[in-house]
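Geometric and topological summary
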Amino acid sequence: MKIDIKSLSESELTVQLRELGEPAFRGKQIFVWLHKGAVSFDEMSNLSKSLRELLKERYFITVPQIERKLVSRIDGTVKYLWRLRDGNCIETVFMKYRHGNSVCISTEVGCKMGCVFCASTKAGFIRRLTPSEILDQVLFTQIDAGAPISNIVLMGIGEPLDNYDNVIKFLELVNHPDGLNIGMRHISLSTCGLIEQMDRLAQSNLQLTLSVSLHAPDDATRSRLMPINRVANVEMLMKACHAYFQKTKRRISFEYAMIDGMNDSNWQADLLAEHLKGMPGHVNLIGLNRIKESPLQPSRRMSVFQKRLEQHSVTATVRRRLGTDIDAACGQLRRSAMETGKERNEVMRNENLAKNRSGRNP
Ligand code: SAH
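Computed from a prediction, not measured in an experiment: that's the story for all the values here. (Residues numbered from 1 in each chain as written. Predicted model: local features only at pLDDT ≥ 70, side-chain atom pairs only at ≥ 80, totals over all residues. Heavy atoms only, no water.)

**A short note on the site of the ligand**
Residues in contact with the ligand amount to 16 residues; listed here are only the nearest, F117, S190, S213, H215 and N289. Measuring from a nitrogen atom of the ligand, one finds a backbone N or O atom of G158 at 3.0 Å. Relative to its unbound accessible surface of 530 Å², the ligand loses 94% to contact with the protein. Secondary structure elements with two or more residues in the shell around the ligand: β10 (187-191) and β12 (253-258). The residue inventory of the shell around the ligand, partitioned by class, reads seven nonpolar, seven polar and two charged. (Near = heavy atom within 4 Å. Polar contact = N/O pair within 3.5 Å; in protein donor to acceptor, adjacent residues only side chain to side chain. Areas by Shrake-Rupley, 256 points an atom, 1.4 Å probe, with all protein chains shown as cover. Helix = DSSP H or I, 4+ residues; strand = E, 2+ residues; numbered from the N terminus. Nonpolar A, V, L, I, M, F, W, Y, C, P; charged D, E, K, R; others polar.)

**With respect to the pattern of salt bridges**
Under the criterion given, the structure shown has 21 salt bridges. R200 is the partner of D165 in a salt bridge, and the nearest nitrogen-oxygen pair spans 3.0 Å. Of this pair, D165 sits in helix α5 (residues 164-175) while R200 sits in helix α6 (residues 195-204), and the two are 35 residues apart along the sequence. Residue class for D165 comes out exposed when judged on its relative accessible area of 53%. Here R200 falls in the partly exposed class, since its relative accessible area comes to 44%. The partner of E293 in a salt bridge is K292, with the nearest N and O atoms 3.9 Å apart. (Salt bridge = Lys/Arg side-chain N within 4 Å of Asp/Glu carboxyl O. Buried < 20%, exposed > 50% of the residue type's maximum accessible area, 1.4 Å probe, protein only.)

**Concerning helix α1 (residues 10-19)**
All of the buried residues along α1 are E10, L13, T14 and L17. Buried residues along α1 cover an arc of 100 degrees about the axis, so they all sit on one side. Summarising the contacts, the buried residues of α1 are in contact with α2 (25-35) and α3 (49-58). Positive phi shows up at G21, right after α1, with a value of about 85 degrees. (Arc of directions from axis to C-beta. Contact = heavy atoms within 4.5 Å.)

**Here's the deal with the environment of T141**
In this structure, T141 sits in helix α4 (residues 131-145). Taking the C-alpha atoms as reference points, T141 and V93, separated by 48 residues in sequence, lie 8.5 Å from one another. Apart from residues no more than four positions distant in its own chain, T141 is found in contact with Y80, W82, T92, F94, V103, D136, G146 and I149.

**Quick word on unusual backbone geometry**
Positive phi is not limited to glycine here, since N205 has a value of about 55 degrees. Topologically, N205 is positioned in the loop between α6 and β11 (209-213). Residue class for N205 comes out partly exposed when judged on its relative accessible area of 34%. The backbone of K249 sits at a positive phi, close to 60 degrees, despite the residue not being glycine. Relative to the elements of secondary structure, K249 occurs in the loop between α8 (234-248) and β12.

**Describing the environment of Y256**
Within the fold, Y256 resides in strand β12. Residue classification places Y256 among the buried residues on the basis of a relative accessible area of 1%. Placed 34 residues apart in sequence, Y256 and R222 show a C-alpha to C-alpha distance of 11 Å. For Y256, the contacting residues outside a window of four places in its chain are H215, A216, P217, N263, Q268, L272, V283, N284, L285, I286 and F305. For Y256, the side chain forms a polar contact with the main-chain oxygen of N263, separated by 2.6 Å.

As structure tokens, this is what we get:
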């Protein structure tokens, strides 16, 4: 069995190259090539031919293929559907902001969390991504977009804390000075609320931003929307959040997708504010993306809800929506590709998309 070379840290590579009788600096040389996006060992021109042959025998390099690419005409947001080595597909979104380019990446193929409003979970869970497959999304998006990426959000398909070890390894890789060198403060990780892993993350004391998908401040509503709430309810989750803040002193961001008649009442804003007492949290109000598998509708009370939170001195922002013309809700692109199972290697521009989807998006 060949080894996935891009999932190795620089020090692991150095050790393995030493074992092959190579000098210590070889590990670093190969690490640099891989993190520049080398797709074959033959590109590594500062290695001898014989070493390259040896590497080919022992290792493989992951190279995702662009299965589909949707480009927003409005703001340049790009949504990629990548095909992985084993044929599975995942999504990545590239977004342009004034403060730099950002990429939203997936951590699993599918998701087992079962949130009722989320398209990523509808076809179930297939497998966790490897550190290299998580990294490749940043690497090859940057190469394809031809623009440097300065911010990363782990908010694509999957639950990052369900793939804890590989996600931590990815963070180590992407943060490395000989690699993409993206600072932890430029990385956000979103979780539906796996409290044990949140505690573990707090202990690791990484300077990333934790986002918690709260979506409801009361157990009755949250359990209807998110099955995880039946395992760790709002009280347990908020306790884990307070502990996380105490340990890391990092402000937590709370995601709140606003759903008509479900989580948008005044009493829910009041209860949410109550939960955040003693902790400088930030609430991100998101307009619900409609998905075809669910009857839930976006709320019409977003600004009232936001003002109510502000009256309680809770900072709340309404998330700016990018790429609305290509904005099939998270996980939708993969779902549609799974359903049609065709159009491989096609680059579908938004002109086609607009035709295909007219009337389907909010
Ligand atoms: N599993 C992680 C990260 C992936 S989802 C998590 O749950 O946080 C990224 C964010 O998008 C989460 O806050 C999720 O709840 C939200 N989301 C999923 N489907 C959505 C939809 N249809 N409309 C609005 N937000 C949605």
